[in-house]
Amino acid sequence: MNRQIHEIMISGAETENKMANFKDIIGQEKIKSHLQEGIRQQKISHAYIVNGETGSGRRLLCSALTKTLLCENRTEQGDACGICKSCIQVDSNNHPDVRFITHEKAGISVDDIREQLVNDIAIKPYSSNHKIYIIPDANKMTEQAQNALLKTIEEPPEYAVILLITENAEKLLPTIQSRCVVLNTQPLDKNAIKQYLIKNLQMEPEQAEIAAGFCQGNVGKAIHFASSDDFYQMKEETLNILKNINRLELSEIMTIIKGISQRKGRINEYLDLMILWYRDVLMFKVTKDANILLYRDELQEIAKQASTRNYEDIENIIKAIDKAKVRLDANVNFDTAIELLLLTIKE
């Protein structure tokens with residue numbers, strides 16, 4: 001990976017236990033302002049739920065809060081200095097008063113919460129005024145684990161701050177939600193992401209626009225795609241399917257499915273690329289304006305499909321792609337779900 005891209009990725013992507021300053025985080029201005037004002041006023045909550053999709057900056061917000069709370073020489077703006085002993089320890093994931101709750105199984109068990117948080121939280125901070133517990137994937141806590149955590153959240157020590165990172169806050173018990181400050185990350189403006197990619201990653205404007213449109217307001221996704229060697233290969237494979245789907249025989253479709261199945265872990269990226277294609281087809285059918293298309297270099301084919309498909313066809317295809325996502329999330333047979341999707345598009 002290009003070193004510059006690797007360094008820039010801390011601004012948007014959510015790498016494991018990566019620490020950042022508030023100034024490093026793109027967007028999420030309301031959340032940053034809320035947290036920094038709380039730090040300045042010494043009115044930090046004992047528990048926060050930071051909710052949003054992966055790549056939206058949830059972990060970076062938690063790490064910036066952690067680093068700033070423990071900093072020995074905060075800036076006037078309410079940010080970490082980055083150079084004191086505490087900041088260096090936090091950056092190296094070696095601070096004695098920061099705990100990341102880990103788990104080996106698919107879910108976070110009651111034993112994980114008891115051993116790593118409940119039984120530890122009574123021990124006072126080693127070198128700071130705060131002791132911070134970060135729970136990545138908090139929505140994976142079992143109900144028993146949440147109930148064990150609830151007792152601690154209801155009566156936490158004054159120095160404790162518990163940060164729950166989740167992509168689905170609704171999976172947390174209502175009693176947990178009601179006792180935490182809930183911070184919901186928001187999608188970023190597409191043009192802001194595009195300009196960021198052009199300025200900081202030196203991407204070509206057309207590529208930046210596709211990445212920004214594809215990531216749907218998630219700057220972490222956009223940066224990931226910018227640094228991914230095979231993203232553009234995936235895009236070309238996807239467009240090749242969609243441009244030729246009407247000419248493909250069933251045997252050829254099955255061959256395509258076999259190829260896609262080798263990348264099951266990235267199927268949602270294929271499906272998102274498909275949705276963007278058909279949104280372009282729909283938008284061109286409505287407006288005849290090539291300037292608003294993401295795939296402007298495919299104008300001829302987009303115009304052709306817009307003229308041969310009616311509105312209902314296009315909307316049904318988009319719904320079929322969304323339905324394929326739901327089926328795959330429900331662990332429906334992969335080949336069957338993709339076959340049904342491609343046959344729906346072909347028909």
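Analysis parameters
- Residues numbered from 1 in each chain as written.
- Predicted model: local features only at pLDDT ≥ 70, side-chain atom pairs only at ≥ 80, totals over all residues.
- Heavy atoms only, no water.
- Helix = DSSP H or I, 4+ residues; strand = E, 2+ residues; numbered from the N terminus.
- Buried < 20%, exposed > 50% of the residue type's maximum accessible area, 1.4 Å probe, protein only.
- Contact = heavy atoms within 4.5 Å.
- Areas by Shrake-Rupley, 256 points an atom, 1.4 Å probe, with all protein chains shown as cover.
- Phe/Tyr/Trp six-rings, centres within 6.5 Å; stacked < 30°, edge-to-face > 60°.
- Lys NZ or Arg CZ within 6 Å of the ring centre and 35° of its normal.
- Expected span 1.5 Å × (residues − 1).
- Core = buried A, V, L, I, M, F, W, Y, C linked by side-chain atoms within 4.5 Å.
- Polar contact = N/O pair within 3.5 Å; in protein donor to acceptor, adjacent residues only side chain to side chain.
- Salt bridge = Lys/Arg side-chain N within 4 Å of Asp/Glu carboxyl O.
- Axes fitted to C-alpha atoms, helices over the stretch in contact; angles between N-to-C directions.
- Parallel < 35°, antiparallel > 145°, perpendicular 65-115°, else oblique.
- Nonpolar A, V, L, I, M, F, W, Y, C, P; charged D, E, K, R; others polar.

(A) Representation of the overall build of the chain in the model. For the chain, the helix and strand inventory stands at 16 helices and five strands. For the chain, the C-alpha atoms occupy an extent of roughly 70 × 45 × 35 Å along the three principal directions. Expressed as a percentage of the 347 residues in the chain, the buried residues total 51%. Sequence-distant contacts, at least 24 apart, represent 74% of the contacts inside the chain between residues at least 6 apart. A total accessible area of about 17,500 Å² is found for the chain, and carbon and sulfur atoms account for 46% of it.

(B) Broad picture of the packing of aromatic side chains. A full pass over the atoms with the stated rule returns one aromatic pair. Ring centres 5.7 Å apart and planes at 50 degrees place the aromatic pair Trp277 and Tyr295 in the tilted group. One end of the pair, Trp277, is in helix α13 (residues 267-287); the other, Tyr295, is in the loop between α13 and α14 (299-308), and 18 residues separate them in sequence. The ring of Tyr311 has Lys285 sitting right over it, with the charged end atom 5.3 Å from the ring centre.

(C) Representation of unusual backbone geometry within the structure. Of note in this structure, Gln28 is not a glycine but carries a positive phi near 55 degrees. Secondary-structure assignment places Gln28 in the loop between α1 (3-8) and α2 (29-40). Given a relative accessible area of 8%, Gln28 falls into the buried group. One non-glycine residue with positive phi stands out, namely Asn93, at about 55 degrees. Position of Asn93 relative to the elements: it lies in the loop between α4 (85-91) and β2 (98-100). On the basis of relative accessibility, which here comes to 44%, the residue Asn93 falls in the partly exposed class.

(D) Seen up close, helix α3 (residues 58-70). Taking 1.5 Å of rise per residue, the 13 residues of α3 would be expected to cover 18 Å, and the 19 Å separating its terminal C-alpha atoms lies within 8% of that figure. Along α3, 13 of the 13 residues are buried, which leaves the element largely enclosed by surrounding structure.

(E) Main features of the nonpolar core. In terms of nonpolar packing, the biggest core is built from 44 residues, with Tyr278, Leu342 and Ile345 touching the most fellow members. Of all the secondary structure elements, the ones that give two or more residues to this core are α9 (205-215), α11 (231-244), α12 (250-261), α13, α14, α15 (311-329) and α16 (334-346). Among the elements that make up this core, the one with the highest residue count is α13 (12 residues). One finds Ile49, Ile108, Tyr159 and Leu173 within the second-largest nonpolar core, a separate group that totals 26 residues.

(F) Up close: the environment of Ser92. Along the chain, Ser92 turns up in the loop between α4 and β2. Overall, the relative accessible area of 45% leaves Ser92 in the partly exposed class. Sequence separation between Ser92 and Cys62 is 30 residues; the distance between their C-alpha atoms is 15 Å. Within the local environment of Ser92, its side chain forms a polar contact with the backbone oxygen of Ile88, the two atoms lying 3.1 Å apart.

(G) Broad picture of the pattern of salt bridges. Inspection of the entire model under this criterion finds 11 salt bridges. Among the ionic pairs, Lys23 bridges to Asp24, the shortest N-O distance being 3.6 Å. Among the residues examined, Asp24 registers a relative accessible area of 22% and is labelled partly exposed. Asp120 is the salt-bridge partner of Lys131, the closest N and O atoms lying 2.9 Å from each other. Separated by 11 residues along the polypeptide, Lys131 in strand β3 (residues 131-135) and Asp120 in the loop between α5 (110-118) and β3 bring together distant segments of the chain. Asp120 matches Lys131 in its accessibility class, with the two residues each being buried. Linked through salt bridges whose partners overlap, the residues forming this network are Arg99, Asp120 and Lys131.

(H) View of the packing of α13 against α16. Two numbers describe how α13 lies on α16: the axes approach to 13 Å, and their chain directions differ by 10 degrees. By the angle class used here, α13 and α16 are roughly parallel. Facing α13, whose interface residues are Ile267, Leu271, Met274 and Tyr278, α16 presents Phe334, Ile338, Leu341, Leu342 and Ile345. Here the residues of the contact of α13 with α16 sort into nine nonpolar, no polar and no charged.

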